[in-house]
Amino acid sequence: MMEFVESQKGKPILLKDGYRYRKVRINVDGSASWLCLVTFCGGRLRLQGETVLIVSEHNHAPDVSKNEALRSVVEMRRRAELGMEKPRQIIQECTNGISLEAAVHLPAYVASQRAIERRRRRARHPYVDPRSVGICTSPCLPIASPVEAMGELPVVLIQGIGDPDGIAEEHVPFLKKNFSLVTMKELTENRQHFREKIRAVYVWETKPVIDRELLQNLPNLKVIASAGAGVDHLALDLISSFGVKVTNTPLEVSNATADLAMTLLLASARNLQEAIQIAVSSDTQQFFSNWMADEVTGATLGIIGMGRVGLKVAQRAKAFEMKILYHNRNQRKEEDERAVGATYCAKMEDLLQQSDFVMLVVNLTPETCKLIGERELQLMKPTATLINISRGGVVDQDALVEALQNGVIKAAALDVTYPEPLPRAHPLLRMKNVIVTPHIGTATHNTCRLMMQNMTKSILAVLNGHRIPNEVTSN
Ligand SMILES: O=C(O)C(=O)CO
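About the cut-offs
Residues numbered from 1 in each chain as written. Predicted model: local features only at pLDDT ≥ 70, side-chain atom pairs only at ≥ 80, totals over all residues. Heavy atoms only, no water. Core = buried A, V, L, I, M, F, W, Y, C linked by side-chain atoms within 4.5 Å. Buried < 20%, exposed > 50% of the residue type's maximum accessible area, 1.4 Å probe, protein only. Helix = DSSP H or I, 4+ residues; strand = E, 2+ residues; numbered from the N terminus. Contact = heavy atoms within 4.5 Å. Near = heavy atom within 4 Å. Polar contact = N/O pair within 3.5 Å; in protein donor to acceptor, adjacent residues only side chain to side chain. Areas by Shrake-Rupley, 256 points an atom, 1.4 Å probe, with all protein chains shown as cover. Nonpolar A, V, L, I, M, F, W, Y, C, P; charged D, E, K, R; others polar. pLDDT = per-residue confidence, 0-100. Pairing = 2+ DSSP bridges. Axes fitted to C-alpha atoms, helices over the stretch in contact; angles between N-to-C directions. Parallel < 35°, antiparallel > 145°, perpendicular 65-115°, else oblique. Left-handed = near helix turned anticlockwise from the far one by under 90°. UniProt positions renumbered as here; feature names shortened; annotations may be inferred.

Points about the nonpolar core
Across soluble globular proteins, nonpolar side chains have a tendency to be buried as a group.
Step number 1: Membership of the largest hydrophobic core comes to 30 residues, with the highest contact counts inside it found for Leu265, Leu301, Ile303, Val313 and Met359.
Step number 2: Among the elements that line this core, the one with the most residues is helix 9 (residues 250–269), at eight residues.
Step number 3: In contact with methionine 359, not counting residues within four places along its chain, are Ala261, Leu265, Leu301, Gly302, Ile303, Ile304, Val313, Ile387 and Ile389.
Step number 4: Counting residues in each nonpolar core, the second largest holds 29 residues, with Leu360, Leu377, Val408 and Leu428 among its members.

Remarks on unusual backbone geometry
Step number 1: With an omega of -5 degrees, the peptide bond between tyrosine 418 and proline 419 qualifies as cis.
Step number 2: Within the fold, proline 419 resides in the loop between strand 20 (411–414) and strand 21 (434–436).
Step number 3: At the junction of glutamate 420 and proline 421, the peptide bond is cis and its omega measures out at -10 degrees in the coordinates.
Step number 4: With respect to the helices and strands, proline 421 occurs in the loop between strand 20 and strand 21.

Some words on the site of the ligand
Step number 1: Within the structure, the ligand sits among Gly228, Ala229, Gly230, Val253, Thr257, Arg391, His439, Gly441 and Thr442.
Step number 2: Note that an oxygen atom of the ligand is positioned 2.8 Å from one of the backbone N or O atoms of alanine 229.
Step number 3: For the ligand, whose unbound accessible area comes to 230 Å², protein coverage reaches 90%.
Step number 4: Tallied by class, the residues present in the shell around the ligand amount to two nonpolar, six polar and one charged.

Brief notes about the side chain of threonine 247
Step number 1: With respect to the element layout, threonine 247 can be found in strand 14 (residues 245–247).
Step number 2: Contacts of threonine 247, omitting those with residues within four sequence positions, involve Val223, Ile224, Ala225, Ser226, Ser458, Ile468, Asn470, Glu471 and Val472.

Focus: the confidence of the model for the protein
Step number 1: Scored by pLDDT, the protein has a mean of 82; 70% of the residues are at 70 or more.
Step number 2: Low pLDDT (under 50) marks residues 85–107, which in the prediction has 86 contacts with non-local residues, meaning those over four places away or in another chain.
Step number 3: Contacts for the low-pLDDT stretch residues 125–150, under 50 throughout, to residues beyond four places or in other chains number 94 contacts.
Step number 4: Complex prediction metrics read pTM 0.70 and ipTM 0.93.

What to know about the sheet that holds strand 21
Step number 1: The seven strands lie next to each other as 17-16-15-18-19-20-21, forming an open sheet whose pairing is parallel. The open sheet has two edge strands with one neighbour each: strand 17 (342–344) and strand 21. Adjacent strand axes in the sheet meet at a mean angle of 20 degrees, parallel and antiparallel pairs treated alike.
Step number 2: Each of strand 19 (385–388), strand 20 and strand 21 is contacted by helix 15 (residues 397–405), which is oriented at about 140 degrees to strand 20, the strand it contacts most.

Describing the packing of helix 9 against helix 11 (residues 308–319)
Step number 1: Close contact between helix 9 and helix 11 brings their axes to 8 Å; oriented N to C, the two are set at 40 degrees. Here helix 11 runs oblique to helix 9, going by the angle between their axes. In the crossing of helix 9 with helix 11, the sense of the turn from one axis to the other is right-handed. Facing Pro250, Leu251, Ser254, Asn255, Thr257, Ala258, Asp259, Ala261 and Met262 of helix 9, the residues of helix 11 in contact are Arg308, Val309, Lys312, Val313, Arg316 and Ala317.

Some thoughts on the UniProt feature "domain: D-isomer specific 2-hydroxyacid dehydrogenase NAD-binding" (unreviewed entry) in the protein
Step number 1: If you check UniProt for "domain: D-isomer specific 2-hydroxyacid dehydrogenase NAD-binding" (unreviewed entry), the listed places come out as residues 262–441 in our numbering.
Step number 2: For the annotated span residues 262–441, helix accounts for 32% and strand for 16% of the residues, and the straight-line distance between the end C-alpha atoms is 11 Å.

Some points on the environment of valine 156
Step number 1: By the secondary structure assignment, valine 156 is in strand 10 (residues 155–158).
Step number 2: Each C-alpha atom of the pair valine 156 and isoleucine 276 lies 44 Å from the other, and the pair is 120 residues apart in sequence.
Step number 3: When near neighbours in sequence (up to four residues on either side) are disregarded, valine 156 contacts Phe179, Ser180, Leu181, Val182, Ala200, Tyr202 and Ile459.

Set out below in structure tokens:
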């Protein structure tokens, strides 16, 4: 029998078979984390009452096998995600009723067991008796909540399924393998039934809206996983005051967003909107021989905000033989600049004065709110185009309308506005020199799938007490 003997606060406890643990943390869900004190082990346990919810991935493997085991787990997870291989499970019969869910995969498990065996023989150290082990499941399977311990999937709140603001139908089968999904409508209709069960909120395109009322209504909420890079729709301080974590998906979005940036740049340079109208109009009898637009090759692109997405935009612009300037809080490393052929402008004003295309790629923060206003637009060339793929709030929209109406700048291409969508009578929707798209930076099948998978991983990581891939903190 695996028996825990708890002594005074902070003192190690003893397992009957000889392993000693120290309580290192009381978790928000009431479970406690314990660290193994056996020198070569480094294993961790999480206890909910008498139930062992998780141990660390290497399953008490000594350090020698830890990396090997972890590498195998990572590789197997990758293959499972790609559909190349189904995650396997190891189930060991439990004789004593204690359930141990160990995050192990077959090769990792075998490697770690061999290593344990070797070390045990060398050190003549007591071995965790397999009979004290309950159920060992693959790390790909959701574990760690009291609900799961009862064999159920974690309950996750979503806005809805399908249009207009629900999650994509094609994502539902994957999500349902990992979670039990509850829609906002279901929560509203049956609040008492769901409120204590919901452990995570899956925020897609800013929905569900996370406000104080929702947070107060979900006492067991642990994590809000948000799609995309921007988190300006989330009140981070408020959320963290409820002890809830936030994650986003910054790595997944860069390519698709940078592709859209170039799409808008090319479309506005070549006045694609008007060209398509001419091509399809029932009034068109012949094409105009003197219809012309602007050339991208050799033009100057000024990128404001040189993070991951900004760098990807520069990469693409380089292939179009553009001259690239950038402004950023911090100058990038010389090798980054060289790789994309970009020149740093310490002053944003210098960039605005020299650029034919000004591209906004910053996050919306109090510092970047209305970063581009009347003064900045006045600094731009009258032949220049403003492209915004960040957030509508980064531009003073009234000043932009005026600048476009009065020829202060030539054109604008906006994937983002405020509000979204704009009121149908808004002047920006009526201007020939403006392209507006419906916030579609990340809207490709591939990127959405990657975001969905990453959000799933993040939710499981939080619920399982693992390292969280993309945790967002308020500072
Ligand atoms: O990643 C984001 O936050 C986006 O809005 C991309 O368009």
